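Remarks on the overall topology
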Protein chains: 2
Amino acid sequence: MSIKAVIGIDIGGTFTKYGGVDRGGRTYFENSISTDRHPDVESYLKALHKAVTVSIEESGESFDIQGIGIGAPNGNYYNGTIEYAPNLNWKGIINLTEMLGKYFKQMPIVLTNDANAAALGEMVYGGAKNMKNFIVVTLGTGLGSGIVADGKVVYGHDGFAGELGHVIVIENGRQCGCGNRGCLETYASATGIKRTVFELLAKRTDKSRLRSICFQDMTAKLIYEAALEKDPIALEAFEYTGEILGKKLAEAVAITSPEAIFLFGGLAKSGDFIFMPTKASMEKHLLNIYKNKVKLLPSGIEDKNTAVLGAAGLIWNELID
Amino acid sequence: MSIKAVIGIDIGGTFTKYGGVDRGGRTYFENSISTDRHPDVESYLKALHKAVTVSIEESGESFDIQGIGIGAPNGNYYNGTIEYAPNLNWKGIINLTEMLGKYFKQMPIVLTNDANAAALGEMVYGGAKNMKNFIVVTLGTGLGSGIVADGKVVYGHDGFAGELGHVIVIENGRQCGCGNRGCLETYASATGIKRTVFELLAKRTDKSRLRSICFQDMTAKLIYEAALEKDPIALEAFEYTGEILGKKLAEAVAITSPEAIFLFGGLAKSGDFIFMPTKASMEKHLLNIYKNKVKLLPSGIEDKNTAVLGAAGLIWNELID
């Protein structure tokens, strides 16, 4: 008997990961291809189709593929497009689902941005299985957010809802990739905490192991490791990041009143170092009616194939509707 | 033949207005009773039931009443309750729909807060008839907000979503009725602009007709009238109010990506004085992908029975679902 599964595809700037996933979250095959070695999208899609076909064959199983879910930077759910993604070779607006549909004929194909896919992954496979109102915040290179209200992702009028990374926290603050200054993601993200560390290294005189690492080599992981050894600069950087993030999460709560907020991605792996100051600041800034009600949780599907599971969750969720 | 209609009820701190409204927005009768003369909710509901019954009789029409919609301060849609409303005599949690159901038997009764009712009124009868994603901001004594995503009001986990009035704009800023400081509604509301005027009267030395009005007599209408005569304090107060409001609207856009934001209520009647600086500030603070896309509009049902129409819209919307 063939196995009912979907294909989840996570398009990143460097690699594209994909996998075959059933409704329960079991992954039957998983692999990746290069994204950035394909200067044009046609050659990329041809390679992707071939790789997926080979993976299915090599798995030795017989599948009844139900559909394809795709998480992509700047992905637009309504149009199935990737629009002006700064970290991809393909410029302008790419009709990705339409183009991929030529390879996978008569197959439901749905695309959304990576943070929305993470939210759907959390709902279908993770910690939000029984929740109808929650927010997923991805703390990676940037800060993304996926907002679920009454069991549905909030896409907004144009498919671009959930840009919490670009609310402004400090007027005329740090330069952001979006062109503005002082956006939340310039403070609360793996890149943001690195910038904070360099500000603190300049401002303070404490001894710190971080003084021996140059800007381009600094990572959130190194800051986390320093914090584990009570490095004062690293500890202060986590405090500052959490203070800013918690304040803005409190505002998001006032708008959508979620049951929980999940922190996801690289920086979220720092555990209490980031969760504790974020929670404290969120509670401090929350309106009374929300205090001590909103859970701040780590992702329930935080492992190597999270993004692929999220993309799989997207299409499973669509098929159920 | 009897007319299919609903009863819309708007519970305010002083008066409760009600009316019989058909699907097209035609109001067949409209009247009000006192809210604050009833120290207990039972005597209030008895009086309300009697008044509505008399109004139906006196209208001379035959109605087929489909349901009752109620807009109330601190109204909770999920529970049909009014919870800890600071401006009502009835303290604690009032099971209003259940209690009213004893008078209007076997009738669908739905309750929500006043800003959500305003949003539903806008969707059923007003400027948002063809919109699925929009926000209504009520600028009265306080600032309320109703958020519609994909055609549905966002109620959140506990029914308390949409408290945009209580996001903090200035850390340790003006004292707010909610217990926090620096909340948006202490700046952007009829009361907020009045506080701004008094700050400006203290700070600046311009001649102003507003110098002859004491705090308790000052109103948003008087400030508007002064602005019409180019009073420098009044003009500056509108600029400042719009700057703060626009900045926070830009953040709400980044979360829900609406097609339009409607400004509603007393302060919104000041027209360009409030719309122009708000729009300018919102556009200045918007992320590029949202710029010049989000309409800032006056309510499409701004007239004497707006709140009753909103409450009627609530129940019509429910009956359609």
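Residues numbered from 1 in each chain as written. Chains lettered and ligands numbered in written order. Predicted model: local features only at pLDDT ≥ 70, side-chain atom pairs only at ≥ 80, totals over all residues. Heavy atoms only, no water.

Attention now moves to the interface of chain A and chain B. With 39 residues of chain A in contact, the opposing surface of chain B contributes 39 residues. Sorting the residues of chain A by area buried against chain B places His 157, Ile 255 and Leu 287 of chain A first, and these three jointly supply 20% of that buried surface. Along the contact surface separating chain A from chain B lie six salt bridges. Note that Glu 171 of chain B and Lys 247 of chain A form a salt bridge whose closest N and O atoms lie 3.0 Å from each other. When residues of the side of chain A that touches chain B are traced back to their parent elements, those giving at least two are strand E10 (143–149) and helix H6 (232–256) of chain A. (Contact = heavy atoms within 4.5 Å. Buried area = accessible area lost by both parts, 1.4 Å probe. Salt bridge = Lys/Arg side-chain N within 4 Å of Asp/Glu carboxyl O. Helix = DSSP H or I, 4+ residues; strand = E, 2+ residues; numbered from the N terminus.)

Residues and elements named next belong to chain B. One can describe the packing of helix H4 (residues 190–203) onto helix H6 (residues 232–256) by two numbers: an axis separation of 9 Å at closest approach and a directional angle of 125 degrees. Comparing their axes, H6 and H4 come out oblique. Considering how the two elements wind past one another, H4 and H6 form a crossing that is right-handed. Contact residues: Ile 193, Thr 196, Val 197, Leu 200 and Leu 201 in H4; Ile 233, Glu 236, Ala 237, Phe 238, Tyr 240 and Thr 241 in H6. Counted by class, the contact of H4 with H6 contains eight nonpolar, two polar and one charged residues. (Axes fitted to C-alpha atoms, helices over the stretch in contact; angles between N-to-C directions. Parallel < 35°, antiparallel > 145°, perpendicular 65-115°, else oblique. Left-handed = near helix turned anticlockwise from the far one by under 90°. Nonpolar A, V, L, I, M, F, W, Y, C, P; charged D, E, K, R; others polar.)

This part is about the pattern of salt bridges. Here the structure, examined in full by the defined rule, presents 26 salt bridges over all chains. The salt bridge partner of Arg 174 of chain A is Glu 199 of chain A, with a shortest N-O separation of 3.3 Å. Of the two residues, Arg 174 of chain A is situated in the loop between strand E11 (152–153) and helix H4 (190–203) and Glu 199 of chain A in helix H4; the sequence distance between them amounts to 25 residues. According to the relative accessible area criterion, Arg 174 of chain A is buried, its value standing at 8%. Residue classification places Glu 199 of chain A among the partly exposed positions, given a relative accessible area of 40%. Measuring nitrogen to oxygen at the nearest pair gives 3.3 Å for the salt bridge that ties Lys 221 of chain A to Glu 225 of chain A. Of this pair, Lys 221 of chain A and Glu 225 of chain A are both found in helix H5 (residues 220–228), four residues apart, which corresponds to roughly one turn of the helix. When salt bridges that share partners are traced, they join Lys 248 and Glu 251 of chain A together with Lys 248 and Glu 251 of chain B into one network. (Buried < 20%, exposed > 50% of the residue type's maximum accessible area, 1.4 Å probe, protein only.)

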